[in-house]
Amino acid sequence: MGKITRFSALAAACLLGLAGCDGKDGRDGADGEDGAPGAPWEPPVITTSASAQVLDWHFGDGYVQAQVEVLNQDGVGVDNMAQIEVVATVVDSDGQLHTTLRETYKATDEQPIGELEYQGEGVYTITMPFEAATATASGNGYVRPGNINFPRTKRVMLPLDAAVATTDDAKCVACHGDFTAASGNSTWGWHQHHHALDNDGEVVIVEACMTCHTHTEAQDGGYAMNTMAMIGHGKMADGEGGKVSKGHAALWGNYSMDMKRCSTCHMDDVVFSATINGCVTCHSNLMDPDRDGHNHSSYTNADCAACHDEGNFKYYEHQNGAARDEALNRYDVELLSIVRSADKSTVEVTVSAIDADGNTVDLANLAPVEGETSADTPRGWATVMKHGEAFLPGRDAGHVARSQAIVDNGDGSFTYLVTHVAAYEEDEVLVGGIDGRIYYGGGSRAPITVSNIHEVRRTGADGAKCLSCHTEGLDGHGSQRGGELGGDACTQCHSAYNWEHSKAGLDRVQAWGPFMHSIHTGSYYEDRDVTMPTTDRNKKVECVACHTGEINLENVAPAVVLSGLTEDSVYGITPISATCASCHTSVQAKAHMSHQGGDFNVPVAPAGMHSGESGDFALFDPAPAVEACAVCHKPDRIAEAHQYVY
């Protein structure tokens, strides 16, 4: 009964509703007039990433202003920018980058800093108050839009209106490697993300760094504790008001950079003038009233030129690059031939040389050049190649044989007679050339090197890249080798056959590949708490800083790498394992290498005796060894793990 009642009530309600459509007959009423058409629907512009360009910028009295175009990932102008960072630095009256502004406009702030005006099509004008700026000021800086409504762009440099740098990015890249391929490792440091782009999207390094690391230290009005000069010279703030040798200062030694050869880092056409701010980066106690020597505490930059000018006898000449380059260009040597003598006992290395004026050089009778007391010292050297490496019978247990005499052939060529070479073998491959020291500048030395080593020895690296950091060609130990060959000249002695221990008396592999990896990216110096600018085996390394082409383990020379402390303790390591173990030092890693044919204790017995310059010593000539590492560790897998970029 209840169900019927509810149905009847519903039906009545429906009838009443229908009757409401027309009071007379219950039919629909007449249609109304057509409404205005609605606007077409447009999807909102979504910005997942953005890029920016600086269209114009300038300093004004008390402000800096920039016009910026911001486009989204589809190249469409962004119309909802609500945040932009502005960093700008002005040059002071002494011509030094001095005061830095770093502020961010945020539309969401109750009182935003600066003014942002939208011109349409993704173009904005940002005006930021900057007390130190004037309408005639110059300097540098960058902008970085985004972070509200869309992700921040890369920093974009304000195009320079003044030359504020004495070096360029190429000088940095020469040692640190390609910036765009870097992974933020020790070669660039954690500040790598502070780089900027120019309007063409190219990386800007030096100018971006100098926006904060100006010419002036923080306590003197600069933005950062360390100026760019302090970073470059390696005398950096210790956080307690003093300075400590750091970074580039580690390169100031006989085995690397010459700290007084400015052209290593500075542009060649830069004209330097002495300034207090510049000099104190190295001469940190210059302004100390109690300093030994002349009291500079009351001097300013304007006073420096009174004494330190190029025409004054008190001028201190730092740059010796020109003298060294002149020495390196003193001789143009051509290697003509390397052959055995008729009786096969001696190797004859024949060369010719002309000087910078095109005159034939009498290599048999070199005399000191004007201003020097020592004559240049080129000598011949030679050995045979075995299993892709230089065999080392020579003057002692770890070096190639050197020439004992030179013959003037009367036709402008000279032949160096190299004795103490390994015994002749049928179908042997000879390697050799000449090298020596070229003296300049009061006993300083530059290397002279020519050889056929590139023709007879495979290399996975470019030895000339060594000279980017080792600007003096390893002045000291290696001062007679290098030249245009760079590190490739070192392989004549740093061969797999060099079993001798290090100068420190430690059992360390001396062969070029393992030796270099151990020093630059491995555990040797790290375990001894010695700072090297490239040593950090816990981070990916930029192999292209040294290597060139493809790193393919199938091409590794099969010569067993020797090591030992005495002739009675010589043992071998298979070649790939010897290099990989420089970084991968764990028991597990070495066990993995052993499973692929690696061996860290190859038994090596003397293969005979040799009569060298310094006496008789044992020869070691183990059979070649091939490991199976290349089966899995293809070039692309090596690249992925080690940040190698083709």
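It should be noted that the structure appears before, not after, this text.
Report follows, based on the coordinates. Quantities reported herein were computed from a predicted structural model and do not represent experimental measurements.

**Regarding the overall build of the protein**
Here's step 1: When its secondary structure is counted, the protein shows 13 helices and 25 strands.
Here's step 2: Across the 646 residues of the protein, 42% fall into the buried class.
Here's step 3: The contacts of the protein with a sequence gap of at least 6 include a subset with a gap of at least 24, amounting to 61%.

**Things to note about the pairing of strand 17 (residues 401-408)**
Here's step 1: Note: strand 15 (residues 379-386) against strand 17, 2 bridges, orientation antiparallel. Looking at strand 17, one finds that A382 is bridged to A401.
Here's step 2: Here strand 17 pairs with strand 18 (residues 413-418) via 5 bridges, running antiparallel. In the sheet register, I406 faces strand 18, and the bridge partner there is Y416.
Here's step 3: Here strand 17 hands over to strand 18 after 4 residues, with G410 in that stretch at a positive phi of 80°.

**A word on the sheet that holds strand 22 (residues 571-573)**
Here's step 1: Taken in spatial order, the 3 strands make up an open sheet running 21-22-23, and their pairing is antiparallel. The open sheet has two edge strands, strand 21 (561-563) and strand 23 (602-603), and neither has a second partner.
Here's step 2: Sheet topology places strand 22 next to strand 23; 2 bridges connect them, and they run antiparallel. For G572, the partnering residue across the bridge sits in strand 23 and is V602.

**Things to note about the nonpolar core**
Here's step 1: Ranked by size, the top nonpolar core spans 56 residues in total, and within it V333, V347, V349 and L562 carry the most contacts.
Here's step 2: Among the elements that make up this core, the one with the highest residue count is strand 19 (residues 430-440) (5 residues).
Here's step 3: Each residue touching V347, except ones within four places of it in the same chain, is listed here: I338, V339, R340, A382, Y416, L417, V418, V421 and L430.
Here's step 4: If you look at the next biggest cluster of nonpolar residues, it comprises 27 residues, including V78, Y124, M128 and V143.

**Regarding the pattern of salt bridges**
Here's step 1: Considering all chains together, one arrives at 11 salt bridges under this definition.
Here's step 2: Where R330 meets D376, a salt bridge forms, and the shortest distance between an N and an O atom there is 2.8 Å. One end of the pair, R330, is in the loop between helix 6 (321-328) and strand 13 (331-340); the other, D376, is in the loop between strand 14 (347-355) and strand 15, with 46 residues separating them in the sequence. D376 shares its class with R330; the two are buried.
Here's step 3: For the salt bridge of R481 with D435, the shortest nitrogen-to-oxygen distance reads 3.4 Å. In this pair, R481 sits in the loop between helix 8 (466-469) and helix 9 (512-520) while D435 sits in strand 19, placing the two residues 46 residues apart along the sequence.

**What about the state of the cysteines?**
Here's step 1: Evaluation of the coordinates by the stated rule reveals 0 disulfides.
Here's step 2: There is no disulfide at C580, and the cysteine sulfur nearest it, in C629, is 6.2 Å away.

**Details of the packing of aromatic side chains**
Aromatic ring pairs: the centre-centre distance and the angle between the two ring planes describe each pair.
Here's step 1: What the rule picks out here adds up to 5 aromatic pairs.
Here's step 2: Ring geometry for Y118 and Y124: centres 4.6 Å apart, planes at 35°, overall tilted.
Here's step 3: Its relative accessible area of 36% is what places Y118 among the partly exposed residues.
Here's step 4: With a centroid separation of 6.1 Å and an interplanar angle of 75°, the aromatic rings of W499 and F620 are classed as edge-to-face. One end of the pair, W499, is in the loop between helix 8 and helix 9; the other, F620, is in the loop between strand 25 (615-619) and helix 13 (635-642), and 121 residues separate them in sequence.
Here's step 5: With a relative accessible area of 7%, W499 lands in the buried category.
Here's step 6: Residue class for F620 comes out buried when judged on its relative accessible area of 4%.

**Structural notes on the environment of A382**
Here's step 1: If you trace the backbone, A382 turns up in strand 15.
Here's step 2: Taking the C-alpha atoms as reference, A382 lies 6.6 Å from V418; in sequence the two are 36 residues apart.
Here's step 3: When neighbours within four sequence positions are excluded, A382 is seen to be in contact with V347, V349, V400, A401, V418, V421, V431 and G432.

**Examining helix 9**
Here's step 1: For helix 9, the tally of buried residues reaches 7 of 9 residues, placing the bulk of the element in the interior.
Here's step 2: Every buried residue of helix 9 is listed here: W512, P514, F515, M516, S518, I519 and H520.

**With respect to the side chain of E627**
Here's step 1: Along the chain, the position of E627 falls in the loop between strand 25 and helix 13.
Here's step 2: Although buried, E627 forms no salt bridge, and the nearest oppositely charged side chain, R458, lies 11 Å from it.
Here's step 3: Within the local environment of E627, its side chain forms a polar contact with the side chain of T574, the two groups lying 3.0 Å apart.
Here's step 4: A polar side-chain atom of E627 sits 2.6 Å from a polar atom in the side chain of S577.
Here's step 5: Ignoring sequence-local partners within four residues, the contact set of E627 consists of T574, P575, I576, S577, Q596, G597 and G598.

**Observations concerning the pairing of strand 5 (residues 115-120)**
Here's step 1: Note: strand 5 against strand 6 (residues 123-129), 5 bridges, orientation antiparallel. Its bridge partner being in strand 6, L116 is matched across the sheet by I126.
Here's step 2: Where strand 5 folds back onto strand 6 in an antiparallel hairpin, the turn is made up of 2 residues, including E121, whose phi is positive at roughly 60°.

**A look at the sheet that holds strand 5**
Here's step 1: Pairing is antiparallel across the open sheet formed by 4 strands, whose spatial order is 1-2-6-5. Strands at the two margins of the open sheet, each flanked by one partner only, are strand 1 (50-60) and strand 5. Averaged over neighbouring strand pairs, the angle between their axes works out to 20° when direction is ignored.
Here's step 2: Inspection of the sheet shows strand 2 (residues 63-72) paired to strand 6 by 7 bridges, in the antiparallel sense. Along strand 6, the bridge assignment pairs V68 with Y124.

**Brief notes about the side chain of Q96**
Here's step 1: Take Q96: it is sitting in the loop between strand 3 (83-91) and strand 4 (97-106).
Here's step 2: Given a relative accessible area of 11%, Q96 falls into the buried group.

**Here we look at the environment of I453**
Here's step 1: Structurally, I453 is set in helix 7 (residues 453-456).
Here's step 2: Taking the C-alpha atoms as reference points, I453 and A390, 63 residues apart in sequence, are found 9.3 Å from one another.
Here's step 3: In this structure I453 touches V431, L485, D488, T491 and Q492, once residues within four positions along its chain are discounted.

**Observations regarding the environment of I573**
Here's step 1: With respect to the helices and strands, I573 occurs in strand 22.
Here's step 2: When its relative accessible area of 9% is taken as the criterion, I573 is described as buried.
Here's step 3: Once residues within four sequence positions are removed from consideration, I573 is found in contact with V509, V560, V561, A578, D599, F600 and V602.

Conventions adopted
Residues numbered from 1 in each chain as written. Predicted model: local features only at pLDDT ≥ 70, side-chain atom pairs only at ≥ 80, totals over all residues. Heavy atoms only, no water. Helix = DSSP H or I, 4+ residues; strand = E, 2+ residues; numbered from the N terminus. Buried < 20%, exposed > 50% of the residue type's maximum accessible area, 1.4 Å probe, protein only. Contact = heavy atoms within 4.5 Å. Pairing = 2+ DSSP bridges. Core = buried A, V, L, I, M, F, W, Y, C linked by side-chain atoms within 4.5 Å. Salt bridge = Lys/Arg side-chain N within 4 Å of Asp/Glu carboxyl O. Disulfide = S-S within 2.5 Å. Phe/Tyr/Trp six-rings, centres within 6.5 Å; stacked < 30°, edge-to-face > 60°. Lys, Arg positive; Asp, Glu negative; His and termini not counted. Polar contact = N/O pair within 3.5 Å; in protein donor to acceptor, adjacent residues only side chain to side chain. Axes fitted to C-alpha atoms, helices over the stretch in contact; angles between N-to-C directions.

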